[in-house]
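As a plain string of letters, each chain reads:
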Amino acid sequence: MVGSSMSDEETRLANNRLKIGFTLLVGVSAALVAMQAGATLLQGAIALVAGLVIGGLLTWYLKRWSREFTAVNRR
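In this report, we go over the structure that sits alongside the text. Please read all numbers here as calculations on a predicted model, not as lab measurements.

## Topic: the overall build of the chain
Step number 1: When you go through the chain residue by residue, the secondary structure sums to two helices and zero strands.
Step number 2: Dimensions of the chain along its principal axes, counting C-alpha atoms only, are 55 × 25 × 15 Å.
Step number 3: Burial analysis of the chain (75 residues in total) assigns 13% to the buried set.
Step number 4: Within the structure as shown, the chain displays about 6300 Å² of accessible surface, and the carbon and sulfur contribution to it stands at 68%.
Step number 5: The chain carries 8 positive and 4 negative side-chain charges, and their two centres are separated by 8 Å.

Laid out in structure tokens, this is it:
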């Protein structure tokens, strides 16, 4: 059987970067949609912060869900 090509530290770092990138993607997307809809700069900033919060919550939920999913499949 072939093992992972990445060490545990590299895997943890890659996972953290993926979570940060996903959260930023959701936040920036919310701000861009707000600006495209004609929002002011303040409204765009509020949309960015709200998008970052939603992205963080979504990342937390997906992390929790993936733990449950992998626990079921490891039996």
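## Some words on helix α1 (residues 8–36)
Step number 1: With 29 residues, α1 should reach 42 Å at 1.5 Å per residue; the first-to-last C-alpha distance of 42 Å fits that figure.
Step number 2: Of all the positions in α1, only T23, G27, A31 and A34 are classed as buried.
Step number 3: Directly beyond the C-terminal end of α1, a positive phi value near 95° is found at G38.

## Re the side chain of T23
Step number 1: With respect to the element layout, T23 can be found in helix α1.
Step number 2: A distance of 3.2 Å separates the side chain of T23 from the side chain of T59, its partner in a polar contact.
Step number 3: In this structure, T23 is in contact with L52, G55, G56 and T59, ignoring residues within four places of it in sequence.

## As for the pattern of salt bridges
Step number 1: All told, the structure shown has two salt bridges when counted by the stated rule.
Step number 2: Between R12 and E9 there is a salt bridge, with its nearest N and O atoms 2.5 Å apart. On the criterion of helical spacing, the pair formed by R12 and E9 is a turn pair, its members being three residues apart in helix α1.
Step number 3: Taking the relative accessible area as the measure of exposure, E9 reaches 48% and is therefore partly exposed.
Step number 4: Note that R64 is salt-bridged to E68, the shortest N-O span being 3.9 Å. Linking R64 with E68, this pair stays in helix α2 (residues 41–73), spanning four residues, or about one helical turn.
Step number 5: A residue is classified by how much of its surface remains accessible, and E68, at 46% relative accessible area, is partly exposed.

The rules behind each value
Residues numbered from 1 in each chain as written. Predicted model: local features only at pLDDT ≥ 70, side-chain atom pairs only at ≥ 80, totals over all residues. Heavy atoms only, no water. Helix = DSSP H or I, 4+ residues; strand = E, 2+ residues; numbered from the N terminus. Buried < 20%, exposed > 50% of the residue type's maximum accessible area, 1.4 Å probe, protein only. Areas by Shrake-Rupley, 256 points an atom, 1.4 Å probe, with all protein chains shown as cover. Lys, Arg positive; Asp, Glu negative; His and termini not counted. Charge placed at Lys NZ, Arg CZ, Asp CG, Glu CD. Expected span 1.5 Å × (residues − 1). Polar contact = N/O pair within 3.5 Å; in protein donor to acceptor, adjacent residues only side chain to side chain. Contact = heavy atoms within 4.5 Å. Salt bridge = Lys/Arg side-chain N within 4 Å of Asp/Glu carboxyl O.

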